[in-house]
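One letter stands for each residue in the lines below.
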Amino acid sequence: MRTRSRAAAVLAAVALALTGCSVPVAAALDEPDANRVVVALDQAGIDAVKEADPQTEGKFRVSVPRDDAARALATMRDEELPRAKSRGLLDAADRGQLVPSQAAEHAQLVAGLAGELERTLGGVDGVLSARVHLNLPQRDALRDGPPAKATASVLVEHRGATPPLAPESIQRLVSGGAPALAPADVAVVFVPRATRPMQARSELAHVGPITVARASMTTLKVALAGLVAVVLALAATTLALYTRLARVRRERDAAPLPPPAPVGPAVSMRGPSASMRPPHAPPPP
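Reading the values: the criteria
Residues numbered from 1 in each chain as written. Predicted model: local features only at pLDDT ≥ 70, side-chain atom pairs only at ≥ 80, totals over all residues. Heavy atoms only, no water. Helix = DSSP H or I, 4+ residues; strand = E, 2+ residues; numbered from the N terminus. Buried < 20%, exposed > 50% of the residue type's maximum accessible area, 1.4 Å probe, protein only. Contact = heavy atoms within 4.5 Å. Areas by Shrake-Rupley, 256 points an atom, 1.4 Å probe, with all protein chains shown as cover. Core = buried A, V, L, I, M, F, W, Y, C linked by side-chain atoms within 4.5 Å.

(A) Structural context of the overall build of the chain. Across its full length, the chain holds 8 helices and 8 strands. Here the chain holds 285 residues, and the buried ones make up 25% of them. Of the contacts formed within the chain by residues at least 6 apart in sequence, a portion of 65% connects residues at least 24 apart. As displayed, the chain offers around 19500 Å² of accessible surface, 61% of which is attributable to carbon and sulfur atoms.

So, in structure tokens, the structure goes:
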């Protein structure tokens, strides 16, 4: 049984090595971020698989064939994926100070509002990245005169020549999320990025040192796994037979030898006259 267990473990390891020719290129992702990575890689002609991340509960990872790992990383770099997380209001809150100053509270509020707006803009389809800079002067009740004017600037990097949102829509969005900010005081700057052309998938793939057509890759993996299973099964059978023969040999060598047969008195076969003759009688004439 121990031999079979070892053979099964080796078989599982070899089968995993044959079929697990993929590597993760992004891990610990939220599902929307994982979906963006899969879509971008699919448009680049790379087969990507989204699966649960075994290292982080509730997160996902994206894996690609080992041969496409370099292209996948380059595509993710060009698409700026996965996207950096902006700090929201809860993230910007400073929990280290027992009594934060009024200026610190105002700075945290502004940073949190900017982060929330960046998250909203970054979730729009076609937006690669968004940066929001808010200038919201703190109101001073002891200061005479009109308060300082609030302004904002938004930098949107998008794919393609046409922005995914109109400037007026971004102005209304930002002014609605920040107090005392008019839409006309929001400056919007677009940075277009060239659209990546759809790339055809390579017709060749590698299974270890073997180069095959991509359509035949799965068949080859199954065939190799079956061949390895047959070889391991034969090896396990041979090893089990050898072990059994060795055990029988040890048992035979350890068994006690049978006692020798008893030896009786010698009986002369010369004939009845010789055996019946008295010991001191003279021989017949």
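(B) Representation of unusual backbone geometry. That bond from L81 to P82 is cis: its omega, -10°, falls within 30 degrees of zero. The topology assignment puts P82 in the loop between α3 (69-78) and α4 (89-92). Unlike most non-glycine residues, A28 shows phi in positive territory, near 55°. Tracing the chain through its elements places A28 in strand β1 (residues 22-29).

(C) Examining the nonpolar core more closely. By size, the foremost hydrophobic cluster in this structure holds 19 residues, and its most contacted members are L134, L136, V154, V174 and L181. Those elements that provide at least two residues to this core are α5 (102-122), β4 (127-135), β5 (151-159) and α6 (167-177). It is α5 that provides the largest number of residues to this core, a total of 5 residues. Setting aside chain neighbours within four positions, we find L136 in contact with H106, V110, L113, A150, A178 and P179.

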